[in-house]
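Breakdown of the fold
Each chain, written out:
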Amino acid sequence: MEDDAELFYRQLPKVELHAHLNGSVSVATMERLIARKPHLNIDHSMTAILKGQRRTLDECFQVFKVIHQLIDTEEDLLMVTKSVIREFAEDGVRYLELRSTPRADSKTGLTKRRYVESIIEAIRQCKEENVDTEVRFLVAVDRRNGAEVAMETVKLAEDYMLASDGLVVGVDLSGDPNVGHGKDFLPALQKARNCGLKLALHMSEVPSQKEESELLLTLPPDRIGHGTFLHPEVGGSQSLVDRVREKNIPLELCLTSNVKGQTVGSYQKHHFPYWYQLGHPCVLCTDDKGVFSTSLSMEYQLAAATFGLSREAVWTLSQQAIGCSFATDAVRQQLQQRWALLLPEVFPTSSCLHREPTALQTCGQGL
Ligand code: 6MZ
């Protein structure tokens, strides 16, 4: 049975802007994939980090390798993408930006083009089936694959931006932050920007990326993923913070992912309050809801409980995420109207001043 808080956070209309497709696969879908490929001898402990468990970031990247073995055909991709979209919709996500790295597989005949087309097809099918969430797609550049592949990926993104009725809206830079250097990707990212693709870049996910972040900020990105080590208290710098603030670049913040991947020591030590108190646009996201065993509702609930946000503040946080999306103005307007219509459903009484129990009362007034 759902308690009052769980119901509130699920009913809260939400925007998800940082979700890696293959990291977002649920246990139920994993079961179907594992049953399809018993010869791989993969079990659940290899595809998800359960409650209370932690891994190094390195180990997290091993998990993705295992998942990739399970998802290597067009059929898998179609099934997985549709399930992930449905699950986000069931969790109250009304606008979703999925991102994924195109992969080819010579054994199954999967090509990068068919990879992207399978995801676009899944988004279209969900729309036809009236799944209640608006979905867009960001094509991901994996930093491990180097500059040349990055350029090819951007070309792919450009082609599908023009051929997907507006479903492909941008490019992501992700992958193991300890591998490669951002400077190698500047030409590809610049090209993406010039052809009208939005840029959502992982930045300063680990402490060693200060110089890289300075370089990437010259583009500048339209959104920043994680930004864990941007601020001076954790080895970043005031000038990095100032630049992010001047350009008002929203941050995609993924609490559970950072705690389970051990780039942040605990929920209390997360950088959310640092930016939130500055009034900087912060968007709560899941990153990899399957791998990190979470949901966007849970992330909002955790943030509220940890940092003492009132339900009214939580509502404002979710509503402000609309403005950080890569949707067109028309879609943003529709979403704003949707939020307005849902307000009385989410706040049937005057409960909006309710505060979550373990308040870190220093925040909550930032936005
Ligand atoms: C950086 C991450 C990530 O693309 O196969 N990915 N990159 N930091 C993270 N923090 C934990 N989580 C996921 O989804 C899986 C891929 O997304 C990126 C990695 O490149 C990973 O292989 P797709 O759908």
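Residues numbered from 1 in each chain as written. Predicted model: local features only at pLDDT ≥ 70, side-chain atom pairs only at ≥ 80, totals over all residues. Heavy atoms only, no water.

Okay, the overall build of the chain next. Tallying secondary structure elements over the chain gives 14 helices and eight strands in all. What you see for the chain is a C-alpha radius of gyration of 19 Å, in line with the 21 Å of a compact globule of 367 residues. With the C-alpha coordinates aligned to their principal axes, the bounding extent of the chain is approximately 55 × 45 × 40 Å. Sorting the 367 residues of the chain into buried and exposed places 57% on the buried side. At a minimum sequence separation of 6, the contacts of the chain that also span at least 24 residues come to 79%. Accessible surface, the chain as shown: approximately 15000 Å² in total, 52% of it carbon and sulfur. Measuring between centres, the 40 positive side-chain charges of the chain sit 1 Å from its 49 negative side-chain charges. (Helix = DSSP H or I, 4+ residues; strand = E, 2+ residues; numbered from the N terminus. Rg over C-alpha atoms; globule rule 2.2 N^0.38 Å. Buried < 20%, exposed > 50% of the residue type's maximum accessible area, 1.4 Å probe, protein only. Contact = heavy atoms within 4.5 Å. Areas by Shrake-Rupley, 256 points an atom, 1.4 Å probe, with all protein chains shown as cover. Lys, Arg positive; Asp, Glu negative; His and termini not counted. Charge placed at Lys NZ, Arg CZ, Asp CG, Glu CD.)

Time to look at the side chain of S213. Tracing the chain through its elements places S213 in helix α8 (residues 210–216). A distance of 2.6 Å separates polar atoms of two side chains, one belonging to S213 and the other to S204. When neighbours within four sequence positions are excluded, S213 is seen to be in contact with M203, S204, L230 and L240. (Polar contact = N/O pair within 3.5 Å; in protein donor to acceptor, adjacent residues only side chain to side chain.)

Here we come to the sheet that holds strand β3 (residues 134–142). As summarised here, the arrangement of the eight strands in space is β1-β2-β3-β4-β5-β6-β7-β8, forming an open sheet in which the pairing is parallel. Each edge of the open sheet is held by one strand with a lone partner, namely β1 (14–20) and β8 (282–284). Across the sheet, the mean angle separating the axes of adjacent strands is 25° when strand polarity is ignored. Bridge analysis of β1 against strand β2 (residues 93–100) gives five bridges, and the strand direction is parallel. Bridge pairing in β2 links H20 to R99. In this fold helix α4 (residues 74–90) packs onto β1, β2 and β3, with an angle of close to 150° to the strand it touches most, β2. Most of the contacts of helix α14 (residues 329–346) go to β2, to which it runs at about 140°, and overall it touches β1, β2 and β3. (Pairing = 2+ DSSP bridges. Axes fitted to C-alpha atoms, helices over the stretch in contact; angles between N-to-C directions.)

The positions that UniProt labels "domain: Adenosine deaminase" (unreviewed entry) are, in the present scheme, residues 13–337. When the span residues 13–337 is considered, its composition is 44% helix and 14% strand, and the gap between its end C-alpha atoms is 12 Å. (UniProt positions renumbered as here; feature names shortened; annotations may be inferred.)

What follows concerns the nonpolar core. Of all hydrophobic cores here, the largest spans 108 residues; its most connected members are L98, L189, F272 and L309. At eight residues, the largest contribution of residues to this core is made by helix α3 (residues 57–70). If sequence neighbours within four positions are ignored, L189 has contacts with V171, L173, L199, L201, L216 and L219. (Core = buried A, V, L, I, M, F, W, Y, C linked by side-chain atoms within 4.5 Å.)

With that settled, the discussion passes to the packing of aromatic side chains. One pass over the structure, following the stated rule, counts seven aromatic pairs. Taken together through their ring pairs, the aromatic side chains of F8, Y9, W315 and F347 make up a single cluster. Sitting above the plane of the F88 ring, K289 keeps its charged end 5.4 Å from the centroid. (Phe/Tyr/Trp six-rings, centres within 6.5 Å; stacked < 30°, edge-to-face > 60°. Lys NZ or Arg CZ within 6 Å of the ring centre and 35° of its normal.)

A word on helix α6 (residues 146–163). Between the first and last C-alpha of α6 there are 26 Å, a value that for 18 residues agrees with the 26 Å anticipated at 1.5 Å per step. Of all the residues in α6, the buried ones are A150, T153, V154, L156, A157, E158, Y160 and M161. Its buried side turned inward, α6 meets α5 (112–128), β3, β4 (168–174) and α7 (186–194). Positive backbone phi, at 50°, marks D165, one or two positions downstream of α6. (Expected span 1.5 Å × (residues − 1).)

This part is about the packing of α4 against α5. Any two packed helices are characterised by the angle at which their axes cross and by the distance between the axes. Running from N to C, α4 and α5 cross one another at 40°; their axes reach a closest spacing of 8 Å. By the angle class used here, α4 and α5 are oblique. Every pair of crossing elements has a handedness; the one defined by α4 and α5 is right-handed. Contact with α4, carried on its side by E74, L77, L78, T81, K82 and I85, involves R114, Y115, S118, I119, E121, A122, I123, Q125 and C126 of α5 and no other residues of that element. Across the contact of α4 with α5, the residue classes tally to eight nonpolar, three polar and four charged. (Parallel < 35°, antiparallel > 145°, perpendicular 65-115°, else oblique. Left-handed = near helix turned anticlockwise from the far one by under 90°. Nonpolar A, V, L, I, M, F, W, Y, C, P; charged D, E, K, R; others polar.)

Below, the discussion takes up the site of the ligand. The environment of the ligand is formed by 20 residues, the closest being N22, H68, S100, T101 and E205. A distance of 3.0 Å is found between an oxygen atom of the ligand and a side-chain nitrogen or oxygen belonging to H20. At a separation of 2.8 Å, a nitrogen atom of the ligand approaches a polar side-chain atom of E205. Contact with the protein chains removes 99% of the 510 Å² of surface that the ligand exposes when unbound. The greatest single-element share of the shell around the ligand, amounting to three residues, is contributed by α3. (Near = heavy atom within 4 Å.)

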